[in-house]
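Descriptive structure summary
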Amino acid sequence: MLTRRAVLAGAAGLVATGAWADGPVNPGIRPRSAWGAVAPKPGGKPHTPTTFTLHHTAGPVVGSSRAPATLKGIQTFHMGEKGWIDIAYHVFVDADGVAWEGRDPGIVGDTATTYDPTGYFLVCALGNFEEAVPSAAQVEGLARVLAMVHAARGISLDTLRVHKDLAATLCPGKNLAPLAPAIRARAAEIQPETITPSR
């Protein structure tokens, strides 16, 4: 278990650099290297996230054993067919509740819908929750990500929105979107010193 001082000291570096890093800076998130991410393309719009948005991938529900291959496929699709500079979202959470590093949070994410994601920290659940029901572990993992990013970046938990609040979309699905208030409330209960490294 990491101390509050270690989490917040690492968070200070995270805020200063605008990027994730391996180690105690992001103790609850597996790094890009864990899923074989390629480097992003040059470019991207810098920003300072001030609001959380909740998304889903609308693909298969996968646990931590399958998440790396799934994330690799998503990145390939986003950078290839979509032409984006990198995988679109800043953090992903799988069905086992494990969090995975996505795009640098200091760079604006991407969306296939009409809202402008500038200023938004994009949290994405792996799965299609228009059809599936998120596991308790995944819901807890989402809350833990919000708690950690709130501690690191000072983004208010009260800002949490779901994608369909901002654009004409079903995302993050009828079975996940209604859980946003409970996820926000759970995140408010989590103290930084209780965040343990993802296994």
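Note that the structure is predicted; figures quoted are calculated from it, not measured.

1. What to know about the overall build of the chain
Secondary structure summary: the chain contains four helices and six strands in total. Starting at the N terminus and ending at the C terminus, the chain contains elements arranged as α-β-β-α-β-β-β-α-β-α. Within the chain, buried positions represent 51% of all 199 residues. Carbon and sulfur atoms form 57% of the exposed surface of the chain, whose accessible area is close to 8500 Å².

2. Quick word on the sheet that holds strand 6 (residues 161-162)
Ordered in space as 1-4-3-5-2-6, the six strands form an open sheet in which the pairing is mixed. Two strands bound the open sheet, and with one partner strand each, they are strand 1 (29-30) and strand 6. Sheet analysis places strand 2 (residues 51-56) next to strand 6, joined by two bridges and oriented parallel. In the sheet register, Thr53 faces strand 6, and the bridge partner there is Arg161.

3. Quick word on the nonpolar core
Among the nonpolar cores identified, the biggest contains 27 residues, and Phe52, Leu142 and Leu146 are the most heavily contacted of them. Where this core is concerned, the elements lending two or more residues are strand 2, strand 3 (91-93), strand 5 (120-125), helix 3 (136-153) and helix 4 (180-189). The biggest single contributor to this core is helix 3, with seven residues. Excluding anything up to four places from it in sequence, Phe52 contacts Phe121, Val123, Leu146, Val149, His150, Ile155, Ser156, Leu157, Thr159, Leu160 and Arg161. Core analysis: the next-biggest nonpolar cluster, separate from the first, contains 18 residues, Leu71, Tyr89, Val98 and Tyr120 among them.

4. Remarks on helix 4
Owing to its 3.6 residues per turn, the α-helix brings residues three or four apart onto one side. Within helix 4 the residues assigned to the buried category are Ala180, Ile183 and Ala187. Along the axis of helix 4, the buried positions cluster into a sector of 60 degrees, meaning they face one direction only. In helix 4, the exposed positions that point more than 90 degrees away from the buried face belong to Ala188 and Glu189.

5. A few points about the packing of helix 3 against helix 4
At their nearest, the axes of helix 3 and helix 4 sit 8 Å apart, and the two run at 55 degrees to each other. Comparing the axis directions of helix 3 and helix 4 gives the class oblique. Seen along the crossing, helix 3 lies across helix 4 with a hand that is right-handed. Along the contact surface, helix 3 presents Val139, Glu140, Leu142, Ala143, Leu146 and Ala147, while helix 4 presents Ile183, Arg186 and Ala187.

6. Digging into the pairing of strand 2
Counting buried residues along strand 2, six of its six residues qualify, which places the element largely inside the surrounding structure. Burial of the side chains of strand 2 extends over both faces: Thr51, Thr53 and His55 are buried on one face and Phe52, Leu54 and His56 on the other. In this structure, strand 2 lies alongside strand 5, joined through six bridges in parallel fashion. Bridge pairing in strand 5 places Thr53 opposite Leu122.

Calculation notes
- Residues numbered from 1 in each chain as written.
- Predicted model: local features only at pLDDT ≥ 70, side-chain atom pairs only at ≥ 80, totals over all residues.
- Heavy atoms only, no water.
- Helix = DSSP H or I, 4+ residues; strand = E, 2+ residues; numbered from the N terminus.
- Buried < 20%, exposed > 50% of the residue type's maximum accessible area, 1.4 Å probe, protein only.
- Areas by Shrake-Rupley, 256 points an atom, 1.4 Å probe, with all protein chains shown as cover.
- Pairing = 2+ DSSP bridges.
- Core = buried A, V, L, I, M, F, W, Y, C linked by side-chain atoms within 4.5 Å.
- Contact = heavy atoms within 4.5 Å.
- Arc of directions from axis to C-beta.
- Axes fitted to C-alpha atoms, helices over the stretch in contact; angles between N-to-C directions.
- Parallel < 35°, antiparallel > 145°, perpendicular 65-115°, else oblique.
- Left-handed = near helix turned anticlockwise from the far one by under 90°.

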